[in-house]
Amino acid sequence: MTVNVIGGGLSGCEAAWQLANRGIDVNLYEMKPSSYSPAHHLEYLAELVCSNSLRSNQIENAVGLLKEEMRMLGSLIMQCADQTQVPAGGALAVDRVGFSKLVTEKINNHPHINVVNEEVIHIDENSYTIVATGPLTSGALYDEIKNFFGSSYLHFFDAAAPIVTTESIDMNVAYKAARYGKGDADYINCPMTEEEYNVFYENLINAECAVLHDGEENVFEGCMPVETMAKRGRETLLYGPLKPVGLENPYTNELPYAVVQLRQDNKDATLYNIVGFQTHLKFGEQKRVFSLIPGLNNAEFVRYGVMHRNTFINSPDLLNNHYQTRKNEKIFFAGQITGVEGYVESASSGLVAGINMAEFLNGKEMTSFPPETAIGALSHYISSGSVGSFQPMNVTFGIISSLNQKVRKKREKNLLIAQRSIEILKNMEL
């Protein structure tokens, strides 16, 4: 029995890995390198098209708990992320290229996985298939999926932040610091006076954007272009990505009016990305406006921010909590196209889809991960008919079943929820 996994992103690679490790042969279809989406640049599988951060690594944070659950379940993505980690304080950030290369190497070397480098434009409803094409599904397959479900898509637009070379950052102005002095000083901070911020702000909100197409104004709140955020009010950025709190300038011993942070983007620390600066400004405008940031006056941009379409299906009407389609039991979906939002969440859906497809093929009862776990809470969120206006969702403690006791302190409560989840997974037969 062979399963076709369409899409070589994080969810597709995770699904293929879970299937293959259970003895199922897999054809993993990836359209690169013959064809690239507007946001993809590398030839490797599991390319990170936005940030290189997988967010918090602490189990008191919901995404940190999800990571730990995935480690317990033998996740390929978590294994590769842990092996290519770069400094990022309490977050798990990875060497962007190193991570994708390692995933590609492991996938290519697995005896049960055959990588097919071609674009899929048709879904064979008689074949066992996991569609994991992600939010950047190509036009032909987009239409094919739409026809398969016989319903319209929901969609929003996402944006990626620019990356600069480390050597071009002026460290006579910028400085490394940990917020409140806690943890390692892994971020480079570019301080602004009120006057510098005002100049930057005016140029940012008046800069020329790339031409928008139909629907591109429908931006996901969790990954908003910096210029869109700025237009909501002069102080909005000061409470968002430019928040200076806890980042005292060692050159002046004063708290800056605003701070732009940069996060290490590769293992050799030769590249840094501008945190929270997703954008759809024209490339020339990005160079002009972002060079107004103190410390980045002579910055060398190796990648500008880009705007791209993110597509997702109305999963509560279309999928069950195994990520299996209600229309055809042979067809599963996984990844951000299902409405889970984020790298880790995307990979977790591939993990669940891969496990359940294998169990389905082996005639076993499929696994329903309980909503008391982070991985189960996500699968229930995307399949629950009780969701009113379905929108992409990051994992949060808000969607995980609450405790049967009152705990006053949030951190303590989250830790108890995490410990309960881990204990549940330990006792599950998988």
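Look above for the structure.
Residues numbered from 1 in each chain as written. Predicted model: local features only at pLDDT ≥ 70, side-chain atom pairs only at ≥ 80, totals over all residues. Heavy atoms only, no water.

Participant: Explain the overall build of the protein chain to me, please; I cannot follow it from the model alone.
Facilitator: Within the protein chain, the regular secondary structure consists of 12 helices and 16 strands. Here the protein chain has a C-alpha radius of gyration of 22 Å; the compact-globule value for 430 residues is 22 Å, and the two agree. Expressed as a percentage of its 430 residues, the buried residues of the protein chain come to 57%. For the protein chain, the proportion of contacts with a sequence separation of at least 24, taken over those separated by at least 6, is 69%. Between the centroid of the 35 positive side chains of the protein chain and the centroid of its 49 negative side chains there is a distance of 6 Å. (Helix = DSSP H or I, 4+ residues; strand = E, 2+ residues; numbered from the N terminus. Rg over C-alpha atoms; globule rule 2.2 N^0.38 Å. Buried < 20%, exposed > 50% of the residue type's maximum accessible area, 1.4 Å probe, protein only. Contact = heavy atoms within 4.5 Å. Lys, Arg positive; Asp, Glu negative; His and termini not counted. Charge placed at Lys NZ, Arg CZ, Asp CG, Glu CD.)

Participant: Mind showing me how you'd approach the environment of Gly-354 here?
Facilitator: Along the polypeptide, Gly-354 turns up in helix 10 (residues 343–361). Residue classification places Gly-354 among the buried positions, given a relative accessible area of 0%. Discounting chain neighbours no more than four positions away, the residues touching Gly-354 are Ala-15, Gln-18, Leu-19 and Ile-130.

Participant: Is there a simple way to explain the packing of aromatic side chains in this structure?
Facilitator: What describes a pair of aromatic rings is the distance from one ring centre to the other and the angle between the planes of the rings. The final tally for this structure, using the stated rule, is 11 aromatic pairs. For the pair Phe-148 and Phe-149, a centre-to-centre distance of 4.9 Å together with 65° between the ring planes defines the contact as edge-to-face. Considering the side-chain rings of Phe-200 and Phe-277, the 6.1 Å spacing of their centres and the 35° angle between planes classify their relative orientation as tilted. Taken as a pair, Phe-200 in helix 6 (residues 194–205) and Phe-277 in the loop between strand 13 (271–274) and helix 8 (283–290) lie far apart in primary sequence, 77 residues in all. Since its relative accessible area comes to 0%, Phe-200 is described here as buried. Its relative accessible area of 0% is what places Phe-277 among the buried residues. Here the aromatic cluster, defined as three or more aromatic residues joined through ring pairs, consists of Tyr-128, Phe-332 and Phe-360. Stacked on the ring of Phe-148, the Lys or Arg Lys-327 has its end atom at 4.4 Å from the ring centre. (Phe/Tyr/Trp six-rings, centres within 6.5 Å; stacked < 30°, edge-to-face > 60°. Lys NZ or Arg CZ within 6 Å of the ring centre and 35° of its normal.)

Participant: Honestly, unusual backbone geometry in this entry has me stumped. Any pointers?
Facilitator: Among all residues save glycine, negative phi is the norm, and among peptide bonds the norm is trans. For Asn-253, which is not a glycine, the phi torsion comes out positive at approximately 60°. Among the structural elements, Asn-253 can be located in the loop between helix 7 (226–230) and strand 12 (258–264). Given a relative accessible area of 56%, Asn-253 falls into the exposed group. If you check the backbone angles, Ala-269 has positive phi at about 60° while not being a glycine. Turning to its location among the elements, Ala-269 is positioned in the loop between strand 12 and strand 13. By relative accessible area, Ala-269 is classed as partly exposed at 26%.

Participant: So what exactly am I meant to see when it comes to the layout of surface pockets here?
Facilitator: Unoccupied space between atoms shows up once a probe the size of one water molecule is rolled over them. Approximately 640 Å³ is the volume found for the second largest pocket. Forming the walls of the second largest pocket are 18 residues, and the residues nearest its centre are Gly-90, Ala-178, Arg-179, Tyr-187 and Gln-261. Classifying every residue of the lining of the second largest pocket gives eight nonpolar, five polar and five charged. (1 Å grid on protein atoms, 1.4 Å probe; cavity = no way out; pocket = protein on both sides within 12 Å on 5 of 7 lines; lining within 4 Å. Points joined across faces, edges and corners; volume = space filled by probe spheres on them. Nonpolar A, V, L, I, M, F, W, Y, C, P; charged D, E, K, R; others polar.)

Participant: Is there a simple way to think about the sheet that holds strand 3 (residues 53–56) in this case?
Facilitator: What holds strands together in a sheet is hydrogen bonding between their backbones, with the strands either parallel or antiparallel. Taken together, the three strands give an open sheet; going across it, the order is 3-5-4, and neighbouring strands pair in antiparallel fashion. The open sheet has two edge strands, strand 3 and strand 4 (85–86), and neither has a second partner. (Pairing = 2+ DSSP bridges.)

Participant: Would you mind going over the environment of Asn-126 with me for this structure?
Facilitator: Looking at where Asn-126 falls in the secondary structure, it is placed in the loop between strand 6 (113–116) and strand 7 (129–131). You can call Asn-126 exposed: its relative accessible area is 63%. Sequence spacing of Asn-126 and Ile-331 is 205 residues, and the spatial spacing of their C-alpha atoms is 8.9 Å.

Participant: How should the sheet that holds strand 10 (residues 175–177) be read in this particular structure?
Facilitator: Strands sit in the order 10-11-12-13-9-14 across an open sheet of six strands; the sheet is antiparallel. Strand pairing shows two members of the sheet lacking a second neighbour, strand 10 and strand 14 (301–303), which therefore form its edges. Direction aside, the axes of adjacent strands within the sheet are offset by 40° on average. (Axes fitted to C-alpha atoms, helices over the stretch in contact; angles between N-to-C directions.)

Participant: In this structure, what is going on with the pairing of strand 12? I would like to understand it.
Facilitator: Two faces belong to every sheet, and in a regular strand the side chains alternate between them. Most of strand 12 sits out of view: seven of its seven residues are buried. Judged from the six bridges that link them, strand 11 (residues 187–192) and strand 12 form a sheet pairing that is antiparallel. If you follow Cys-190 over to strand 12, its bridge partner there is Val-260. The hairpin formed by strand 12 and strand 13 contains six residues between the paired strands, and Ala-269 there has a positive phi angle of roughly 60°.

Participant: Teacher, can you tell me more about the pattern of salt bridges here?
Facilitator: Side chains that differ in charge, positive against negative, can pair when their charged atoms come close. Tallied over the entire structure, the rule returns nine salt bridges. Glu-47 is the partner of Lys-32 in a salt bridge, and the nearest nitrogen-oxygen pair spans 2.8 Å. Placement of Lys-32 in the loop between strand 2 (25–29) and strand 3 and of Glu-47 in the loop between strand 2 and strand 3 is noted, with a sequence separation of 15 residues between them. The exposure class assigned to Glu-47 is buried, which follows from its relative accessible area of 9%. Measuring nitrogen to oxygen at the nearest pair gives 2.6 Å for the salt bridge that ties Asp-265 to Arg-96. Taken together, the residues Asp-265 in the loop between strand 12 and strand 13 and Arg-96 in helix 4 (residues 96–108) connect sequence positions 169 residues apart. Given the relative accessible area of 7%, Arg-96 is considered buried. (Salt bridge = Lys/Arg side-chain N within 4 Å of Asp/Glu carboxyl O.)

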